[in-house]
Amino acid sequence: MEVFCFLYAIGAFIFAGFSSSLFGFGTSEDSVAYFLTSSLLGFPLFIFVILNLKNVAFGLGNDLEKGIVQTFFSYPIKRRWILSAKLLSAVGVGLIPFVGILTSGLYVLAPDVVGPHLGIVLLTFATSLSEPLLVTGIVLLVTLLLKRGALALVLGIVTYFALAILQQIVSVIAAFTNNVAGLQVLSLISPNLIASRYFSTQSAGPFFFGQTSSWTPTFGDVLAYTAGSYAIVIIIFLLGYLYFSRRLNL
Amino acid sequence: MNRWLALISRIGTIITSIGLAFLLISLIPSSSSGNSAQYNDQVQANMFHSPFASIMTPQQVATFTVTSDRTVDVYVLEVSNSFLTNWIVSHYTGKYFYTNNVTYLKSFLGNFSQSIAYSQSTTAFDYRYTPTKVTNATLIVSNPSSSEALIQIGWKITQQVAPASRVATLADWSIPIGLVLAIPWFIDLYQRRARKPTSGANVPV
């Protein structure tokens, strides 16, 4: 934990960058806050994903394999509380330092960017964390179904990278064909796509995307897609809870 | 060890690790390969001069030095030079021939006092400016006296990972606080080592 906190604190400064190419276009302060926050999320987010998947797949998977969960079931505790405790230690403990340390680091770096635009900074975190949380939910489901962690971990990593590649493919298709349907659907899983699009058009105008300028999302769209993506994440986790509470036989 | 003490100790070790990260960041030197200029100039009586204007980010530091043979007013403004000029032109067209009259500047500063990041009346100005947001930065040398001022101007932009002084201050506070909070853990660690058997059947030879 200490090592990860150390890496997050270093990452907050090392990876933060002000995309200077956007300055000349009359960049809004919201966009500066968004791009500054986005700039540092790459590597720390990767650490967060790996930590999460390892904790859920190996932590819960090993407990299932070794019969520790079976022992827990013999205690007078509801099953959902057992899973909640497991998820809190696996995801919650990683999430709090991730958001806390990176936001504090950004505040130290640029107080007049982060302070007045804290909402945008937190929205950027929300749009970026939705996809890793979705993958975590899928890994949780697979771990419960297979009752072992190794395969679920591999599947989680493959899903995460596949989604990243899919985003690139869909973005290229949207840019070349002016067909943004794929982009809109994928934004429900990765709302960072729509957020990036919104803040880019805020700073560079609707022609920033060339042929795909037909889709210029509003701030309301960004919020709606983000809410939609978290609804999907909640549904996946609820399925995990339902399976763990009612169907899981050990 | 008591659960609460264990929690406090853990928070202490985490704060210490964050403090060490801040310390490491503060030790990274700023890049010396930024833009710079140094030259001699003159500012006419009751005129002002703008030797530097640029867009800056919190990861940049501007070092300004101005030396003059008479007292001049030096301002670091968080507006662009064109904004200042346009404001003067739109408000005082035709009154004076030159737009860089000190009267105009004082009028502008009266209206936009919040744009002054730093100011000083001196013959030797030396200031390191680190913005706290993405902003325009303009250096103004104003000569309010009735005779010409000969000035020597120097400016240099350097890149930095983070504002070293701010990060170092945080490290100075967080490391001792973290170590104090982690004392129960250190004591527990020491006691466990002290209790460890030094002889007997289980001790490896």
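Residues numbered from 1 in each chain as written. Chains lettered and ligands numbered in written order. Predicted model: local features only at pLDDT ≥ 70, side-chain atom pairs only at ≥ 80, totals over all residues.

### Observations concerning the overall build of chain B
Then step 1. For chain B, the count of helices and strands is five helices and six strands.
Then step 2. Each helix and strand of chain B, ordered N terminal to C terminal, gives the series α-β-β-β-α-α-β-β-β-α-α.
Then step 3. Computed over its C-alpha atoms, the radius of gyration of chain B comes to 28 Å, more than 25% above the 17 Å expected for a compact globule of 205 residues.
Then step 4. With the principal axes as the frame, chain B shows a C-alpha extent of 100 × 30 × 25 Å.
Then step 5. Considering chain B as a whole, with its 205 residues, one finds that 31% of them fall into the buried category.
Then step 6. Of the contacts made within chain B by residues no fewer than 6 positions apart, 90% connect residues no fewer than 24 positions apart. (Helix = DSSP H or I, 4+ residues; strand = E, 2+ residues; numbered from the N terminus. Rg over C-alpha atoms; globule rule 2.2 N^0.38 Å. Buried ≥ 20, exposed ≤ 12 C-beta atoms within 10 Å, placed from the backbone. Contact = placed C-beta atoms within 7 Å.)

### Here we look at the overall build of chain A
Then step 1. If you tally the helices and strands in chain A, you get 11 helices and zero strands.
Then step 2. Listing the helices and strands of chain A from first to last along the sequence gives α-α-α-α-α-α-α-α-α-α-α.
Then step 3. Its C-alpha radius of gyration of 20 Å places chain A within 12% of the 18 Å reference for a compact globule of 250 residues.
Then step 4. Looking at the 250 residues of chain A, the share that counts as buried comes to 43%.

### Quick look at the interface of chain B and chain A
Then step 1. Facing the 21 residues of chain B at the interface are 18 residues of chain A.
Then step 2. Where the side of chain B that touches chain A is concerned, the elements lending two or more residues are helix 1 (3-27) and helix 4 (164-181) of chain B.
Then step 3. Classifying every residue of the side of chain B that touches chain A by side-chain character gives 14 nonpolar, five polar and two charged. (Nonpolar A, V, L, I, M, F, W, Y, C, P; charged D, E, K, R; others polar.)

### Structural notes on the domain arrangement of chain B
Then step 1. Along its sequence, chain B is organised into domain 1 (3-27 + 165-193) and domain 2 (36-160).
Then step 2. Each of domain 1 of chain B and domain 2 of chain B has a C-alpha centre, and the two are 44 Å apart. (Domains from an automatic or database assignment.)

### Re the environment of Leu7(A)
Then step 1. Secondary-structure assignment places Leu7(A) in helix 1 (residues 2-14).
Then step 2. Sequence separation between Leu7(A) and Arg197(A) is 190 residues; the distance between their C-alpha atoms is 29 Å.

### A few points about unusual backbone geometry
Residue and element names in this part refer to chain B.
Then step 1. The residue asparagine 46 is not glycine, and still its phi comes out positive at about 60°.
Then step 2. As for its placement among the helices and strands, asparagine 46 is situated in the loop between strand 1 (36-43) and strand 2 (47-56).
Then step 3. With 18 C-beta atoms packed within 10 Å, asparagine 46 lands in the partly exposed category.

### Some thoughts on the pairing of strand 5 (residues 135-143) of chain B
Residues and elements named next belong to chain B.
Then step 1. Counting buried positions along strand 5 gives seven out of nine residues, so the element sits mostly inside the fold.
Then step 2. As judged from the five bridges shared by strand 3 (residues 60-77) and strand 5, these two strands associate in the antiparallel manner. By the bridge assignment for strand 5, valine 76 is matched with leucine 139. (Pairing = 2+ DSSP bridges.)

### Here we look at the packing of helix 5 (residues 79-109) of chain A against helix 11 (residues 219-247) of chain A
Residues and elements named next belong to chain A.
Then step 1. Across the interface, helix 5 lies against helix 11 with an axial gap of 9 Å and an inter-helix angle of 135°. It follows from the interaxial angle that helix 5 and helix 11 lie oblique. The two elements helix 5 and helix 11 cross, and the hand of that crossing is right-handed. Side by side, helix 5 and helix 11 meet where Arg79, Arg80 and Leu83 of the first sit next to Tyr241, Phe244 and Ser245 of the second.
Then step 2. Its residues assigned to classes, the contact of helix 5 with helix 11 comprises three nonpolar, one polar and two charged. (Axes fitted to C-alpha atoms, helices over the stretch in contact; angles between N-to-C directions. Parallel < 35°, antiparallel > 145°, perpendicular 65-115°, else oblique. Left-handed = near helix turned anticlockwise from the far one by under 90°.)

### What to know about the nonpolar core
Soluble globular proteins tend to bury their nonpolar side chains together.
Then step 1. Within the largest apolar cluster, 82 residues are counted, with the highest numbers of intra-cluster contacts made by Ala9(A), Ala12(A), Leu36(A), Leu106(A), Val139(A) and Ile18(B).
Then step 2. If one sorts the elements of this core by residue count, helix 7 (residues 118-146) of chain A sits on top with 13 residues. (Core = buried A, V, L, I, M, F, W, Y, C linked by C-beta atoms within 7 Å.)

### Points about helix 4 of chain B
Side chains three or four residues apart in an α-helix point the same way, a direct result of the helix having 3.6 residues per turn.
All names here are of chain B.
Then step 1. Counted at 1.5 Å a residue, the expected span for helix 4 with its 18 residues is 26 Å, and the 25 Å between its end C-alpha atoms agrees.
Then step 2. Residues Val167, Leu170, Ala171, Ser174, Gly178 and Leu181 constitute the buried set of helix 4. The buried residues of helix 4 occupy one face: seen down the axis, they fall within an arc of 110°. Seen from the buried face of helix 4, the exposed residues on the opposite side, beyond 90 degrees, are Ser165 and Val180. (Expected span 1.5 Å × (residues − 1). Arc of directions from axis to C-beta.)

### Quick word on the packing of helix 1 of chain A against helix 3 (residues 42-65) of chain A
All names here are of chain A.
Then step 1. It is at 9 Å that the axes of helix 1 and helix 3 come closest, and there the two elements cross at 160°. Taken together, the axes of helix 1 and helix 3 lie roughly antiparallel to each other. For helix 1 against helix 3, the interelement crossing comes out left-handed. Residues Phe4, Leu7, Tyr8 and Gly11 of helix 1 lie in contact with helix 3, whose contacting residues are Phe43, Pro44, Ile47 and Leu51.
Then step 2. Of the residues that constitute the contact of helix 1 with helix 3, the class distribution is seven nonpolar, one polar and no charged.

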